[in-house]
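A closer look at the structure
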Amino acid sequence: MPESVQSLDTVSDVDSDASYDSDEDDRLAEQEWQESLQQLQQLVAIVLLPYLGKFLGRRWSHWAYARYVRLGLGKSFFLGEKRL
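Here the structure is a predicted model, which is why all the values come from computation and not from measurement. (Residues numbered from 1 in each chain as written. Predicted model: local features only at pLDDT ≥ 70, side-chain atom pairs only at ≥ 80, totals over all residues. Heavy atoms only, no water.)

1. Topic: the pattern of salt bridges
Under the definition given, this model contains 1 salt bridge. Its salt-bridge partner being Arg27, residue Glu24 comes within 2.6 Å of it at the nearest N-O pair. Linking Glu24 with Arg27, this pair stays in helix 1 (residues 2-71), spanning 3 residues, or about one helical turn. Given the relative accessible area of 24%, Glu24 is considered partly exposed. Classification of Arg27 as partly exposed rests on a relative accessible area of 45%. (Salt bridge = Lys/Arg side-chain N within 4 Å of Asp/Glu carboxyl O. Helix = DSSP H or I, 4+ residues; strand = E, 2+ residues; numbered from the N terminus. Buried < 20%, exposed > 50% of the residue type's maximum accessible area, 1.4 Å probe, protein only.)

Shape is all these values report; function is a separate question.
Structure (structure tokens):
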């Protein structure tokens, strides 16, 4: 009989080790996920946002230049064209 109690103790130790490994795996997976998200944020901030800003800046400058050519640099440029 004492052997069976001892064997139950070893089984519970194995289960607690497996639980610990599972918790450790979950923690590592969460850490890797957070690192991946941080890398994506850096990619957006360093690569994509400057290209988007460049595109929108050029688009706005073409619009503003076309408006300047059409209206000149007066009140109508800033306030809009007068409709008749």
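Following the structure, the description resumes.
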